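Here are the chains, one letter per residue:
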Amino acid sequence: MNLSNRIFLFNILLLAIFLNPLKGYWGFSSLLSNENPTIDAILDIYEYKMGTYSEWRKVNSIKKTGVIVTDEEVFEISIYNKLPDLVKVIVQKKEPKSPKFVQVVNEDGIHSYLLKSDGEIELKEPLLNLSDDRNIMPNLMHLKREDYWETELTNVNDASFEVTLSKENTNKEFRFSIDKKTMTITEQLVSEGDKLTKFS
């Protein structure tokens, strides 16, 4: 094999190494081999698996679903986000033909109403604080870029990590369970006072 062929094959090898989609994960996975991985290492791997901040900036709309759990009742919730500033939330009790509470936030302000099973619409006062839900990218990725959220690793077991974000002088807290094998979020809990919203 002549010199030019060897150089060509060497360049192909380098290209394959740098383009290998698992390269970053192999490097990151060594950070988790310790018994006590740092929260920064966990968040770096999570973001690598989910996509970069710049990639998420290209997303125009997204839908999130979950449940709101109170001491007495359970409600289904859907949150729709669309650029530039539309947020639409639908909340419905998990009972047949129960009315839907709808709250919309856009450039015109906040609008909310109750949509009954017979199609009747009843105007209502806003019930939800959507200030932390107006972003399209995953909440953990978005919140960890805001310096006023305190981030800590609150629970580690054989299957998952739990990351908690809290804000001083508020009663709001975010908890994210991250699967150790896939490094994706399996559950998100948002607690605010006596209200607990669960996304899974």
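Please refer to the structure higher up on the page.
Treat the numbers as computed from the prediction; the structure is a model and nothing was measured.

Calculation rules
Residues numbered from 1 in each chain as written. Predicted model: local features only at pLDDT ≥ 70, side-chain atom pairs only at ≥ 80, totals over all residues. Heavy atoms only, no water. Helix = DSSP H or I, 4+ residues; strand = E, 2+ residues; numbered from the N terminus. Buried < 20%, exposed > 50% of the residue type's maximum accessible area, 1.4 Å probe, protein only. Contact = heavy atoms within 4.5 Å. Areas by Shrake-Rupley, 256 points an atom, 1.4 Å probe, with all protein chains shown as cover. Core = buried A, V, L, I, M, F, W, Y, C linked by side-chain atoms within 4.5 Å.

Would you explain the overall build of the protein in this entry?
Helix and strand counts for the protein come out as 5 helices and 11 strands. Counting every position in the protein, which comprises 200 residues, the buried fraction comes to 32%. The long-range fraction of contacts in the protein, counting pairs at least 24 apart against all pairs at least 6 apart in sequence, stands at 31%. In the form shown here, the protein has an accessible surface area of approximately 13,000 Å², with 52% of it arising from carbon and sulfur atoms.

Just to check I follow, could you spell out the nonpolar core for this structure?
The tendency in soluble globular proteins is for nonpolar side chains to be buried as a group. Ranked by size, the top nonpolar core spans 28 residues in total, and within it Ile77, Val89, Val91, Leu140, Leu165 and Phe174 carry the most contacts. Among the elements of the structure, α3 (39-50), β2 (74-82), β3 (86-93), β4 (100-106), α5 (139-143), β8 (160-167) and β9 (172-179) are those that each provide at least two residues to this core. The leading source of residues in this core is α3, at 5 residues. Excluding residues within four positions of it along the chain, Ile77 makes contact with Lys64, Thr65, Gly66, Val67, Ile68, Val89, Ile90, Val91, Thr197 and Phe199.

Explain the environment of Ala159 to me, please; I cannot follow it from the model alone.
With respect to the helices and strands, the residue Ala159 is situated in the loop between β7 (149-156) and β8. A relative accessible area of 46% places Ala159 in the partly exposed class. C-alpha of Ala159 to C-alpha of Lys180: the two residues are 21 residues apart in sequence and 5.7 Å apart in space. Beyond its immediate sequence surroundings of up to four residues, Ala159 is in contact with Ile178, Asp179 and Lys180.

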